[in-house]
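Here's the letter readout for the chains.
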Amino acid sequence: MGQHKRRYIEAEDARRRATQLGEILQAGVDVFCWCNRCGHNATISSARLAAELGPAFAVPEIGSRMRCSGCGSKDVAARPDWPSLGQIARHG
Ligand SMILES: [Zn+2]
């Protein structure tokens, strides 16, 4: 019984960890992608991605669908481009 409950919580947790396209679309946040090989990066419209992949698509999964336009590598990572990140740290 305790085991079942714990498994349920873990599943919930895993689902919560991956931000979905629909969530950042609502928040007006785009997707920031970067290449692990050459460092090329780009911000991609979450509206465009949600139209292509669906609003339930997990943001970190987007990287696996991308190919770097700089070097052609498929080793691409993605995360929500939250405006609060970086702006404050970069101030001054
Ligand atoms: Zn690259």
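Along each chain, residue indices are assigned from 1 in the same order as the chain's sequence is written. Totals for whole chains, interfaces and linings use every residue, but because this is a predicted model, local features are given only for residues with pLDDT of at least 70 and side-chain atom pairs only at 80 or more, for both listing and counting.

### What to know about the confidence of the model for the chain
The predicted model of the chain averages 86 in pLDDT, with 78% of residues at 70 or higher. Mean pLDDT values for the elements of the chain range from 54 in helix H5 (residues 84-90) up to 97 in helix H3 (residues 46-53). A residue's pLDDT is simply how confident the predictor is in it, with values from 0 to 100. The numbering of helices and of strands both runs from the N terminus, where a helix is a DSSP run of H or I of at least 4 residues and a strand a run of E of at least 2.

### Concerning the sheet that holds strand E1 (residues 31-35)
We call two strands paired when DSSP finds no fewer than two bridges between them. With antiparallel pairing, three strands are arranged side by side in an open sheet as E2-E1-E3. Across the chains shown, the open sheet's two edge strands, defined by having one partner strand only, are strand E2 (41-44) and strand E3 (76-80). Neighbour-to-neighbour, the strand axes of this sheet turn through a mean angle of 20 degrees, independent of strand direction. Where E1 meets E2, four bridges bridge the pair, whose relative direction is antiparallel. Directly across from Cys33, in E2, lies its bridge partner Ala42. Every axis in this analysis is a line fitted to C-alpha atoms, fitted for helices over the stretch in contact. Angles between the N-to-C directions lie between 0 and 180 degrees.

### Looking at the environment of Leu49
Considering the arrangement of structural elements, one finds Leu49 in helix H3. Between the C-alpha atoms of Leu49 and Asp30, which are 19 residues apart in sequence, the distance is 9.1 Å. With C-beta atoms placed from the backbone, a contact is any residue pair whose C-beta atoms sit within 7 Å. Not counting residues within four places of it along the chain, the set of residues in contact with Leu49 comprises Leu21, Val31, Ile44 and Ile62.

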